Amino acid sequence: MFALHSRQRVKRIYTYINIYGSRYIYLGCLLVCLLCIKPLQAVSLESSDLLSLYTGPFQDDRHIAEAAKDSGFQNKRSIRAQTPESRPQLQITEISVDQFPQIHVYLSGNNLGTELDTLSIQLEEDGLPKEIVETQIAEVGIQSVIVLDASPTLLDTGNTGEARLVEVANAVNSFVAMGLLSAQTDWLMAVTNAVTGSELAGNIQTENEQPILYQMIGDWQQDHQAIANALIQFELSNLPSTSSPTILSLETVGFAIEQFKRSPALQYAKRSIVLFSDGMNIASDVNIDNLIGQALNANVRVHTVLLGEASQEAQRNLSRLAEGTTGLYIELNKSTDIEPIWQTIAAERFHQRATYRLNKKQPLVLSAQVMLPDGQQLSARKAFPLVEALPVEIEIVAPAADIVFTRTSTSSEIVLKEMEPVVLPIQVDFQWPDGHPRGFKRVEYALNNTTQIVNQAPYNEYAFSVAELGAGPYTLRVSVVDELGISSTSPARSIQLQVSQPQNIKSTLQDGSVVGDRIGDQNAKIQDDSRIGEALASQAELWGIKLPTHIDLGGYTLQITPTALGVIAMMLSAILLVLSLYIASRKRNEPVSSIKPEEHFYREVVGAEHVAETEPSMSIFEMDELSTEPVRLPDFDAVAFLNLETEGTHLPLQFSLEEGEQIRIGRHSGYADLIIEDTRVSRRHCIIEWRNDFFYIRDEGSAGGTYVNRRRLGVGDERKLQHGDVINLNEIAYRFEEVDEDRHPTETVPTVKG
């Protein structure tokens with residue numbers, strides 16, 4: 001803004017000076033104003049800038065030359081679009097997710113005061129700092145298009161003494177000869193604008209009999225010398241005559257920008273265009289602004305080279321285009337003047353690559369910061385590309401499906417947790433369908449509702465403690481959370497646990513001592529053989545019946561004594577007495593019925609399905625020692641699950657729900673069947689119970705509330721659960737999922753007030 005006001009002051013001074021018509025006083029005032037503008041350093045001006053900033057007495061090149069001579073400036077020098085170039089710039093050129101979770105970030109910079117690899121780089125992902133594990137210089141390559149403005153003036157002699165067309169060919173040939181390009185990473189092409197009508201020549205292309213407004217001199221290739229040779233061999237007859245209309249070079253630059261879409265170079269290789277032109281046919285300021293916007297959107301840097309005399313209009317057109325795209329503007333007075341452009345393009349072949357490890361599934365924005373030697377901080381941002389991460393597939397390798405795992409002991413006095421084996425070996429295999437293996441935050445191994453968590457490698461092998469688990473059917477599941485936070489659960493694996501433990505049978509001698517002889521203990525020894533032999537000999541006859549002294553049970557010997565037989569007889573008598581009393585009481589309480597005896601027997605003992613419909617069907621039966629009727633055992637096959645929706649490493653991933661269960665959920669171990677150790681959960685939070693083929697949930701006066709699909713239940717209120725319902729215990733969310741999704745049709749479930 002200050003520079004703009006300074007220029008306005010210059011113009012006011014010029015107005016007064018112009019009235020008096022003094023050219024030399026004008027130049028003197030202009031130089032004085034320069035002293036006011038220079039400290040700003042917003043624009044770096046050389047001698048020719050001073051002569052071309054303002055219009056007025058200097059109407060053509062002749063006036064400029066005279067003014068330069070009068071003011072002591074002997075030679076016109078090349079002008080460089082330095083305003084954007086003088087500012088430090090940092091850019092994230094690419095975020096590569098091809099090897100996720102390892103992320104490669106490519107950065108480039110200009111005017112940093114030092115090399116980018118000497119600066120400390122900081123990366124932030126969605127505002128959170130990331131640890132950089134590696135930085136290195138990466139050769140990415142470049143992609144450049146040479147644009148030749150096919151003006152009739154190309155036949156004129158340039159400032160180097162050669163024809164302007166020859167100057168262009170020599171300049172490109174010098175680019176190749178300098179050895180700045182790599183045949184492995186760098187790509188070049190060359191185009192020019194064509195003439196209209198019958199003067200189309202050479203390799204002009206047409207579409208639907210309409211002329212295309214460009215001419216391909218050389219398509220994309222890594223044979224850079226071939227592009228230079230194509231320019232050298234470009235026929236002068238292909239150029240338009242001075243009387244023919246020419247296509248504006250802006251259109252050709254726009255076409256060149258579009259060619260980057262089909263470039264074989266890496267997508268994030270730096271893009272540049274070098275425009276050789278006399279600057280006279282670039283059209284209006286509006287067209288230049290549109291082209292600048294097109295170039296910036298495509299990340300293309302446009303360098304401009306002025307051929308011939310530096311007219312005021314030519315300087316303005318070409319320098320404005322270069323400045324707007326952070327490119328360089330050069331006046332080609334001698335062959336070496338163009339070298340800064342070639343060196344700038346070649347330097348962009350190398351990028352700084354910073355590598356870090358991704359730890360979330362889909363970040364939104366990545367930013368980078370560097371601190372310059374002068375203390376200035378630069379930053380750059382870029383939207384994060386899509387990460388196509390899929391959950392890991394888990395296969396339980398061992399134990400095999402439906403295996404019977406037996407725990408045994410050699411003594412009836414050994415408690416359950418001391419039986420062998422005390423661990424169940426589990427082995428799993430992890431497959432990554434997206435082809436990108438990742439680490440795990442945790443792995444959970446669960447047998448029914450008993451869950452054990454693994455937080456460190458190895459994750460694929462685990463010895464599950466079964467010391468506290470009794471006999472019965474179990475369901476094994478393995479759940480994981482990978483380093484990106486993606487969860488996955490294995491298919492269920494059924495396992496049967498058995499407990500084998502010998503019973504204790506004791507024999508009593510006549511003197512009251514006990515002989516410890518246990519079935520199944522092959523190493524049991526009788527401590528006093530002679531004493532036992534005498535006792536058995538005296539008891540070998542009972543009520544005149546000769547008794548055997550022992551019974552052989554498949555390799556095991558059971559000693560028989562009259563005392564032992566008496567104890568057994570008494571036990572059998574007691575059982576028969578209890579049974580007869582029970583049957584008699586049933587008969588006394590049995591109502592008069594018209595059912596036939598055999599039908600009554602069938603309903604009472606055999607036909608479970610003939611019982612009243614309100615009674616549950618029994619799928620598993622056993623006989624206990626005090627009853628003569630079947631006793632119902634629970635069905636251990638889960639019909640539904642509660643799957644964790646909220647992130648949290650301390651929360652159980654899954655609960656299984658079985659028919660006929662009433663599950664109390666809370667934080668207090670003395671109350672809850674399912675314990676969630678989280679302060680957001682009340683000690684007595686809620687109850688889930690099975691009733692009439694459905695699960696119902698009821699709030700137990702929790703502080704944080706029980707919600708079903710975001711609707712809070714009042715204290716004592718209950719609601720029928722359906723597949724897919726989300727249950728919130730305060731802020732902790734679980735999803736209710738039935739094994740058979742189609743078992744119940746979807747319906748609107750009202751809340752029942754308690």
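The rules behind these values
All chains use their own residue numbering, which begins from 1 and follows the written sequence. In keeping with the model being predicted, local features are shown solely for residues with a pLDDT of at least 70 and side-chain atom pairs are shown and tallied solely at 80 or more, while totals for entire chains, interfaces and linings include all residues. Remark: hydrogens and water are excluded; side-chain values derive from all non-hydrogen atoms of the structure. Every helix listed is a DSSP run of H or I at least four residues long, and every strand listed is a run of E at least two residues long, numbered separately from the N terminus. Between buried and exposed lies partly exposed: a residue is buried under 20% and exposed over 50% of the maximum accessible area for its type, with that area taken using a 1.4 Å probe on protein chains only. The contact definition used throughout considers only heavy atoms, calling two residues in contact when any of these lie within 4.5 Å. In these tables, accessible area is a Shrake-Rupley quantity obtained with a 1.4 Å probe, and a residue counts as shielded only by the protein chains included in the view. In this text, buried Ala, Val, Leu, Ile, Met, Phe, Trp, Tyr and Cys residues form a nonpolar core when linked through side-chain atoms within 4.5 Å. When DSSP finds two or more bridges between a pair of strands, those strands are recorded as paired. For every element, the axis is a line fit to its C-alpha atoms; helices are fit only across the contacting stretch, and the angle between N-to-C directions ranges from 0 to 180 degrees. When charges are counted, Lys and Arg contribute as positive and Asp and Glu as negative, whereas His and the chain ends are disregarded. Every case where a carboxyl oxygen of Asp or Glu lies within 4 Å of a side-chain nitrogen of Lys or Arg is listed as a salt bridge. Here a cavity is any set of points on a 1 Å grid over the protein atoms alone where a 1.4 Å probe fits but cannot get out, and a pocket is any open set with protein on both sides within 12 Å along at least 5 of 7 lines; a residue lines the site when it has an atom within 4 Å of a point. Grid points are joined across faces, edges and corners, and a volume is the space filled by probe spheres set on the points. Gly is put with the polar residues, along with every residue not named as nonpolar or charged; the nonpolar set is Ala, Val, Leu, Ile, Met, Phe, Trp, Tyr, Cys and Pro, and the charged set is Asp, Glu, Lys and Arg. Any angle that is under 35 degrees is reported as roughly parallel, and any over 145 degrees as roughly antiparallel; angles of 65 to 115 degrees are reported as roughly perpendicular and all others as oblique. Left-handed is the label given to a crossing in which the near helix is rotated counterclockwise from the far helix by less than a right angle, and right-handed is the label when the rotation is clockwise. The patches reported here contain residues having more than 30% relative accessible area and no salt bridge. Joining distances are 9 Å for like charges and 5 Å for nonpolar side chains (Val, Leu, Ile, Met, Phe, Trp, Tyr).

Trainee: How do you make sense of the overall build of the chain when you look at a structure like this?
Mentor: Along its length, the chain carries 14 helices and 45 strands. Taking all 754 residues of the chain together, 42% fall into the buried category. Nonlocal contacts in the chain, meaning residues at least 24 apart in sequence, comprise 65% of its contacts between residues at least 6 apart. For the chain, the accessible area works out to roughly 40800 Å², and carbon and sulfur atoms hold 51% of it.

Trainee: Would you explain the nonpolar core in this entry?
Mentor: If you look at the biggest cluster of nonpolar residues, it comprises 36 residues, and the most contacted ones within it are Val145, Val147, Val191, Val253, Ile257, Ile273 and Val300. Elements with a contribution of two residues or more to this core: strand 6 (142-148), strand 7 (187-192), strand 10 (215-221), helix 8 (249-259), strand 11 (270-277), helix 9 (285-297), strand 12 (300-306) and helix 10 (312-324). At 5 residues, the largest contribution of residues to this core is made by helix 8. The residues touching Ile273, leaving out its near neighbours within four places in the chain, are Val145, Val147, Val253, Ala256, Ile257, Phe260, Val300, Arg301, Val302 and His303. Counting residues in each nonpolar core, the second largest holds 30 residues, with Ile146, Leu154, Ala171 and Ile330 among its members.

Trainee: I tried to follow the pairing of strand 14 (residues 350-357) on my own but got confused; where do I start?
Mentor: Regular strands place their side chains on alternate faces of the sheet. Along strand 14, 6 of the 8 residues are buried, which leaves the element largely enclosed by surrounding structure. Here 6 bridges tie strand 2 (residues 102-110) to strand 14, and the two strands are oriented antiparallel to one another. Across the sheet, Gln102 pairs through a bridge with Arg357, a residue of strand 14.

Trainee: Can you walk me through the sheet that holds strand 40 (residues 706-708) in this structure?
Mentor: To summarise the sheet geometry, strands pair through backbone hydrogen bonds and adopt either a parallel or an antiparallel arrangement. Here 6 strands make up an open sheet; going across it, the order is 35-34-44-43-40-41 and the pairing antiparallel. Each having just a single partner strand, strand 35 (654-658) and strand 41 (711-713) make up the two edges of the open sheet. Neighbour to neighbour, the strand axes of the sheet diverge by 30° on average, direction disregarded. Bridging between strand 40 and strand 43 (residues 726-729) involves 3 bridges; their strand directions are antiparallel. Counterpart to Val708 in the pairing with strand 43 is Ile727.

Trainee: So what exactly am I meant to see when it comes to helix 11 (residues 339-347) here?
Mentor: Each α-helix winds once per 3.6 residues, and so residues spaced three or four apart point in a common direction. Among the residues of helix 11, those classed as buried are Ile341, Trp342, Thr344, Ile345 and Ala346. Contacts from the buried residues of helix 11 go to strand 6, helix 6 (164-177), strand 11, strand 12 and strand 13 (329-331).

Trainee: Mind showing me how you'd approach the side chain of Asp278 here?
Mentor: Looking at where Asp278 falls in the secondary structure, it is placed in the loop between strand 11 and helix 9. No salt bridge is formed by the buried Asp278, whose closest oppositely charged neighbour, Arg164, lies at an N-O distance of 4.6 Å. In contact with Asp278, other than residues within four places in its own chain, are Asp149, Ser151, Thr153, Arg164, Leu306, Leu307 and Ala314.

Trainee: Which parts of the structure should I look at to understand empty space enclosed by the protein?
Mentor: To locate leftover empty space, one rolls a probe as large as a water molecule over the atoms. Inspection of every chain in the model, using the stated rule, returns 10 cavities of 30 Å³ or more. Reported here for the largest cavity is a volume of approximately 170 Å³. As for the largest cavity, its lining consists of 18 residues, and the residues nearest its centre are Ala446, Asn448, Arg477, Phe641 and Gln654. Contributions of two or more residues to the lining of the largest cavity are made by strand 20 (440-447), strand 23 (472-482), strand 34 (638-644) and strand 35. Across the lining of the largest cavity, the residue classes break down as 8 nonpolar, 6 polar and 4 charged.

Trainee: Sorry, what's going on with the packing of helix 6 against helix 7 (residues 224-232) here?
Mentor: A pair of packed helices is captured by two measures, namely the crossing angle of their axes and the spacing between those axes. As a packed pair, helix 6 and helix 7 sit with axes 9 Å apart at the nearest point and diverge in direction by 165°. Relative to helix 7, the element helix 6 is oriented roughly antiparallel. Helix 6 and helix 7 meet at a crossing whose hand is left-handed. Counted together, Ala169, Val172, Asn173 and Val176 of helix 6 and His224, Gln225, Ala228, Leu231 and Ile232 of helix 7 form the full contact between these two elements. Its residues assigned to classes, the contact of helix 6 with helix 7 comprises 6 nonpolar, 3 polar and no charged.

Trainee: Sorry, what's going on with the pattern of salt bridges here?
Mentor: Any two side chains of opposite charge can pair, so long as their charged atoms come close to each other. Under the defined criterion, the tally for this structure stands at 23 salt bridges. Between Asp337 and Lys334 there is a salt bridge, and its shortest N-O distance comes to 3.0 Å. According to the relative accessible area criterion, Lys334 is partly exposed, its value standing at 49%. A salt bridge links Arg691 to Glu718; its shortest N-O distance comes to 2.6 Å. Of the two residues, Arg691 sits in strand 38 (residues 686-691) while Glu718 sits in strand 42 (residues 718-720), which places them 27 residues apart along the sequence.

Trainee: Help me understand a nonpolar patch on the surface in this model?
Mentor: On the surface, Leu565, Ile568, Leu572 and Ile575 cluster together into a nonpolar patch covering about 350 Å² of accessible area. Tracing the sequence through the fold places Ile575 in helix 13 (residues 562-589).

Trainee: Can you walk me through the side chain of Ser182 in this structure?
Mentor: Examined against the element boundaries, Ser182 turns out to sit in the loop between helix 6 and strand 7. Take Ser182: its relative accessible area is 10%, and that puts it in the buried class. Non-local contacts of Ser182, meaning those with residues more than four positions away in its chain, are made with Glu139, His224 and Arg349.

Trainee: How should I be thinking about the sheet that holds strand 19 (residues 423-431) in this particular structure?
Mentor: Strand order in the open sheet formed by 3 strands is 17-19-22, and the pairing between neighbours is antiparallel. What marks the edges here is a single partner per strand, and that holds for strand 17 (393-398) and strand 22 (461-465). Taken over all neighbouring pairs, the strand axes of this sheet differ in orientation by 35° on average, direction set aside. Note that strand 19 and strand 22 share 5 bridges and pair antiparallel. By the bridge assignment, Gln427 is partnered in strand 22 with Glu461.

By themselves, these observations are geometric and do not establish any function.
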